[in-house]
Amino acid sequence: MQTSALLFGVTLIMGAWHANAEYKIGVGIADVTGPPAEVIFMGYAKLTQKGEGLHLRQFARAFIIDDGISRLTFVSADIGMMGHALRRVILRQLQEKYGDLLYNEHNVILSGTHTHGGPGGYLMDVVFDITCLGFVQETFDAIVDGIVKAIENAHNKMVDGEIYYDVGQVLDANINRSPSAYDQNPEEEKAEYEHNVDKELYQLKFKTKDGKPIGVINWFAVHPTSMNNTNHLVTSDNVGYAAILFEDSMNNGALPGRGEFVAAFASANLGDVSPNIKGAKCINTGENCDRNTSTCGGLATYCIASGPGNDIYESTSIIANRIFAEAMNVFASTGRKISGPIKSIHQFVNMPEQTVEITDDLGQKQTVKGCVPAMGYSFAAGTTDGPGEFDFQQGTVTSNEFWNLVRDFLQQPEPDDIECHAPKPILLATGRMKLPYDWQPSILSTQVAMIGDLVIAAIPGEFTTMSGRRMRKALNQVAKEVSGVDATVIIAGLSNTYTDYITTFEEYQVQRYEGASTIYGPHTLSIHMQQYRKLLKALLTGESIPEGPVPEDATDKQISFVTPVILDLPEIKRHFGDCLVQPQNEYHIGDTVTVQFMSGHPRNNLRHGGSYLHVERQTEDGWEVVATDASWDTRQLTLMFWWKRTFLASSRVTIYWHITERYTPGIYRISHMGHSKSPINGIVPYEGSSKPFAVFTSNRIYRRF
Ligand SMILES: *[C@@H]1O[C@H](CO)[C@@H](O)[C@H](O)[C@H]1NC(C)=O
Ligand SMILES: *[C@@H]1O[C@H](CO)[C@@H](O)[C@H](O)[C@H]1NC(C)=O
């Protein structure tokens, strides 16, 4: 009592002293685009969803804030999720450059946007990499390089600045994809909220001391799954496009990823949240799917959510524009100025070793524990954003002999596991599977940061809507109890480690996909709540806590079945960069230009900071680049031709440019840049351009043919 009163006083004094503290702020952006062809995407776990080109480039966006004593770095990257192996290497590289005071385990938060349109194989846990044919060094390196570079860029641009917070609402960009699970939550709890997903858009705005905006972070809970599992072009999806729209509006015509102002749309408690707001329908009959199981006549494969657009591109654009528009609204408001010290804390936690005391339905206290990781049957059913490939249903709470046999062939769960995970029937006893290395992490990263009275909880997975709400409430309560502060709490999802989903205990009981993918059992959320309360309390009182058990480094055990590029050969009598399909002579705004080039394999060089294509407009000074492969209006498809000798030899790239109103009439051409590989010369660059063509206004009166 006395101690806490004393600490309370100290915190107040420090708070008052620090309230005048000034911040130094830096923002940076860099490319994390992975291999755009041949590598399987991370997200839908669909083996046939391999990259065939680029829709949007993937970027990492870094924000560094420093109060003169402490520093906090937040990175949002256009990737599926962050993993421990990535974070370890990124931190190591930063520390080699800057020492371990500025960037360390405690003060760097790395968060994935959760796009399902990026190449995979970067997590070093078997279950996540197996659907990408194992570990993919090229993807891993692309992410490490990009995130380190984004942080370096921010590091080199630190200026005196100010931070503002505000919140908005986007009503028409997300729905709950497991409402039957959400409905299991207590009535009085649900009654506190108007919607079954969070509609709030939380925003931090960064300005220089003289008021010039330099960056923004938005947190909005939605799955970046507007691009569904039929997409084969690398993309940052709805939130990635929202970021490009925001940056475009602030950066005076700078090409995507090359401007000074940096805007992130980061992930939050998106576990049960879909952007496909027309909802799930049976694509065979047009009827509603069964609500509890998301099936049509017993089959999950027909129950698919879509919308609001007519195809995945239109839907991506509509969702992106809605989130972007509200983010702009919030940005235009003054907001609440954030002041006070920066603090952060981190601890590794071995989940199966955790216990927590809960009160059951009868008011009895009991001690429960975390389980050894396992996935339930309903995990294999997939979701209405991307159903699975087998005959599984969501909502499955009974097992069957056939699949149990298959499971036991891989790894038999212990009787303890079966009891611990109940009512989840175990399909994969991932926590017991160690060959050739861990299938799923048991040790996860937990982290909390504070900027003044703003709390950021970096969550190692996908919290459902209600899980996020409970966590925000709990941390707000802790801040009140410990230091009398009415803290704003932000959930930063998919951070640091990936541990699948975290549902509430009640949601877990009906075993929708999210419940089946809550890998540490029914009390996963309660353990998280206990842990994050502890972290925030320690942060507020200045108490130090042990580092926790550091996860094993499995780098040397990684296995990959992704074959390297051996050789590129142009087709007979062709050269790399030759334009094989030329544009027409004339186009009008609204038309799409299609050209095709003889190309090398795009994996030879990912062209970070550059582009595989340029749309160029003729000016008095020569050709000016007006669009790249990161621009929404361009799309690029890579075609590969297999040669007799069972390795890949020739490739072509087809480039589409949709001429929208943002382009002015004039003379244009399209160029393609790439690298080819040969055993003699190694990897060498090449480039080529189409012939020039004219673009006229869309006004038909002036049409000349
Ligand atoms: C759906 O699940 C709820 C809750 O478990 C249950 O009460 C209801 O009967 C189920 N409906 C059907 C059609 O199975
Ligand atoms: C994906 O979206 C397209 C429309 O763009 C639709 O035709 C297709 O059925 C969808 N497929 C899945 C599996 O979601």
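Please refer to the structure higher up on the page.
What counts as what
Residues numbered from 1 in each chain as written. Chains lettered and ligands numbered in written order. Predicted model: local features only at pLDDT ≥ 70, side-chain atom pairs only at ≥ 80, totals over all residues. Heavy atoms only, no water. Buried < 20%, exposed > 50% of the residue type's maximum accessible area, 1.4 Å probe, protein only. Helix = DSSP H or I, 4+ residues; strand = E, 2+ residues; numbered from the N terminus. Pairing = 2+ DSSP bridges. 1 Å grid on protein atoms, 1.4 Å probe; cavity = no way out; pocket = protein on both sides within 12 Å on 5 of 7 lines; lining within 4 Å. Points joined across faces, edges and corners; volume = space filled by probe spheres on them. Nonpolar A, V, L, I, M, F, W, Y, C, P; charged D, E, K, R; others polar. Domains from an automatic or database assignment. Patch = residues over 30% accessible without salt bridge, like charges linked within 9 Å, V, L, I, M, F, W, Y side chains within 5 Å. Areas by Shrake-Rupley, 256 points an atom, 1.4 Å probe, with all protein chains shown as cover. Salt bridge = Lys/Arg side-chain N within 4 Å of Asp/Glu carboxyl O. Core = buried A, V, L, I, M, F, W, Y, C linked by side-chain atoms within 4.5 Å. Contact = heavy atoms within 4.5 Å. Polar contact = N/O pair within 3.5 Å; in protein donor to acceptor, adjacent residues only side chain to side chain. Near = heavy atom within 4 Å. Axes fitted to C-alpha atoms, helices over the stretch in contact; angles between N-to-C directions. Parallel < 35°, antiparallel > 145°, perpendicular 65-115°, else oblique. Left-handed = near helix turned anticlockwise from the far one by under 90°. Disulfide = S-S within 2.5 Å. Phe/Tyr/Trp six-rings, centres within 6.5 Å; stacked < 30°, edge-to-face > 60°.

Q: An account of the pairing of strand E1 (residues 23–31) is requested, with residue identities and associated values reported.
A: The buried fraction of E1 is high, at eight of nine residues. Alignment of E1 against strand E8 (residues 159–169), held across three bridges, turns out to be antiparallel. Looking at the pairing, Lys24 lines up with Asp160 of E8. Note that E1 and strand E4 (residues 59–66) share eight bridges and pair antiparallel.

Q: Just give me the short version of the layout of surface pockets, but keep the residues and values in it.
A: Here the largest pocket defines a volume of roughly 960 Å³. For the lining of the largest pocket, the elements supplying multiple residues, two or more each, are strand E2 (37–42), helix H3 (126–129), strand E21 (382–383), strand E22 (386–387), helix H9 (401–410) and strand E23 (426–428). Here the lining of the largest pocket takes four residues from H9, the largest share from any one element. Class assignment of the residues belonging to the lining of the largest pocket gives a composition of 24 nonpolar, 12 polar and seven charged. The residue makeup of the lining of the largest pocket includes at least three contributed by each of domain 1 (3–278 + 308–350 + 441–501 + 524–547) and domain 2 (356–438).

Q: Lay out a nonpolar patch on the surface with the relevant residues and their values.
A: A grouping of Leu47, Leu133, Ile559 and Phe561 is seen on the molecular surface, where their side chains present a nonpolar patch of about 370 Å² in accessible area. Considering the arrangement of structural elements, one finds Phe561 in the loop between helix H14 (524–541) and strand E29 (579–581).

Q: Please give an account of the pairing of E8 that cites residues and values.
A: The side chains of a regular strand alternate between both faces of the sheet. Alignment of E8 against strand E10 (residues 200–208), held across nine bridges, turns out to be antiparallel. By the bridge assignment for E10, Ile163 is matched with Phe206. Pairing between E8 and strand E16 (residues 336–338): three bridges, direction antiparallel. Residue Ile163 lies in a different strand from E16, and its bridge partner there is Ile338.

Q: Which residues make up the pattern of salt bridges, and what are the values?
A: Inspection of the entire model under this criterion finds 34 salt bridges. The closest approach of N and O atoms between Lys209 and Glu22, which form a salt bridge, is 3.2 Å. Separated by 187 residues along the polypeptide, Lys209 in the loop between E10 and strand E11 (213–220) and Glu22 in the loop between helix H1 (2–19) and E1 bring together distant segments of the chain. Relative accessible area serves as the criterion here: at 45%, Glu22 is assigned to the partly exposed category. Lys24 is the salt-bridge partner of Asp160, the closest N and O atoms lying 2.8 Å from each other. You can see Asp160 sitting in strand E8 and its partner Lys24 sitting in strand E1, a full 136 residues away along the chain. Asp160 sits in the partly exposed class, given a relative accessible area of 33%. Salt bridges sharing partners connect three or more residues here, namely Asp31, Arg57 and Asp629.

Q: Any details on the nonpolar core? Residues and values, ideally.
A: By size, the foremost hydrophobic cluster in this structure holds 58 residues, and its most contacted members are Leu86, Ile90, Tyr122, Phe140, Ile147 and Ile151. Elements with a minimum of two residues in this core: E2, E4, strand E5 (71–77), helix H2 (84–98), strand E6 (108–112), H3, helix H4 (137–155) and strand E18 (355–359). With eight residues, the single largest contributor to this core is H4. Summarising the domain contributions, this core has at least three residues from each of domain 1 (3–278 + 308–350 + 441–501 + 524–547) and domain 2 (356–438). Not counting the four nearest positions on each side in its chain, Leu86 is found in contact with Tyr122, Phe140, Ile143 and Val144. Counting 35 residues, the second largest nonpolar core, distinct from the first, contains Ile214, Ile217, Val262 and Ala449.

Q: Quick rundown of the side chain of His223? Include the residues and the values.
A: Following the sequence through the fold, His223 ends up in the loop between E11 and helix H7 (237–250). Here Leu270 takes part through its backbone oxygen, which lies 2.8 Å from a polar atom of the side chain of His223. Of note is the side chain of His223, whose polar atom sits 3.5 Å from the side chain of Tyr501. In contact with His223, not counting residues within four places along its chain, are His114, His116, Arg177, Asn238, Leu270, Gly271, Val273, Pro275, Asp385, Glu462 and Tyr501.

Q: Describe in detail the site of ligand 2, supporting the description with residues and values.
A: Around ligand 2, the surrounding shell consists of Asn228, Asn229, Thr230, Ile304, Asp311 and Ile312. One nitrogen or oxygen atom from the side chain of Asn228 is found 2.3 Å from an oxygen atom belonging to ligand 2. One of the backbone N or O atoms of Ile312 is found 3.1 Å from an oxygen atom in ligand 2. Contact with the protein chains covers 63% of the free accessible surface of ligand 2, which is 360 Å².

Q: Pulling in residues and values, what's your account of the packing of helix H11 (residues 465–483) against H14?
A: The interhelical angle for the contact between H11 and H14, taken along N-to-C directions, is 30°, at an axis separation of 9 Å. Between H11 and H14, the crossing angle belongs to the class labelled roughly parallel. Of the two elements, H11 crosses H14, and the hand of that crossing is right-handed. Between H11 and H14, the residues in contact are Ser467, Arg470, Met471, Ala474, Leu475, Val478, Ala479, Val482 and Ser483 and Leu525, His528, Met529, Tyr532, Arg533, Leu536, Lys537, Leu540 and Thr541, respectively. In the contact of H11 with H14, the residues fall into 11 nonpolar, four polar and three charged.

Q: Would you mind going over the state of the cysteines in detail, with residue names and values included?
A: This model, assessed by the stated rule, comprises three disulfides. Disulfide pairing is shown between Cys282 and Cys296; the S-S distance is 2.2 Å. Because the sign of the S-S torsion sets the handedness, a value of about -100° for the bond joining Cys282 and Cys296 places this disulfide among the left-handed ones. Of this pair, Cys282 sits in strand E14 (residues 279–282) while Cys296 sits in the loop between E14 and strand E15 (303–306), and the two are 14 residues apart along the sequence. Assigned by exposure class, Cys282 and Cys296 land together as buried. There is a disulfide in this structure between Cys289 and Cys303, and the S-S distance comes to 2.2 Å. Here the disulfide of Cys289 and Cys303 is right-handed, its torsion about the S-S bond being about 100°. Residue Cys289 is located in the loop between E14 and E15, and its partner Cys303 is located in strand E15; the two are separated by 14 residues in the primary sequence. The pair formed by Cys289 and Cys303 is uniform in burial state, with each residue classed as buried.

Q: Help me get a handle on the sheet that holds strand E24 (residues 443–451), residues and values and all.
A: The pairing of strands in a sheet comes from backbone hydrogen bonds and takes either a parallel or an antiparallel form. Ordered by their spatial adjacency, four strands build an open sheet running E17-E24-E25-E27, and the pairing between neighbours is mixed. Both edges of this open sheet fall to strand E17 (342–350) and strand E27 (488–492), since each of them pairs with a single strand only. Here the strands of the sheet are splayed against their neighbours by 15° on average, with no regard to which way each runs. Pairing analysis gives five bridges linking E24 to strand E25 (residues 454–458), with the strands arranged antiparallel. Counted as the bridge partner of Ile451 is Leu454 from E25. The sheet contacts of H14 involve E17, E24 and E25, and relative to E24 the element is tilted by about 40°.

Q: Tell me about the packing of aromatic side chains, and name the residues and values.
A: Centre-to-centre distance and the angle between the planes together describe a pair of aromatic rings. The tally for this structure, following the rule as stated, stands at 23 aromatic pairs. Geometrically, the ring pair formed by Phe392 and Trp403 is tilted, given 4.9 Å between the ring centres and 45° between the ring planes. Of this pair, Phe392 sits in the loop between E22 and H9 while Trp403 sits in helix H9, and the two are 11 residues apart along the sequence. Ring centres of Trp657 and Tyr668 lie 5.1 Å apart, and the angle between their planes is 45°; on these two criteria the pair is classed as tilted. Here the residue Trp657 occupies a position in strand E35 (residues 648–658), and Tyr668 occupies one in strand E36 (residues 666–678), the gap between them amounting to 11 residues. On the accessibility criterion, Trp657 (0% relative accessible area) is buried.

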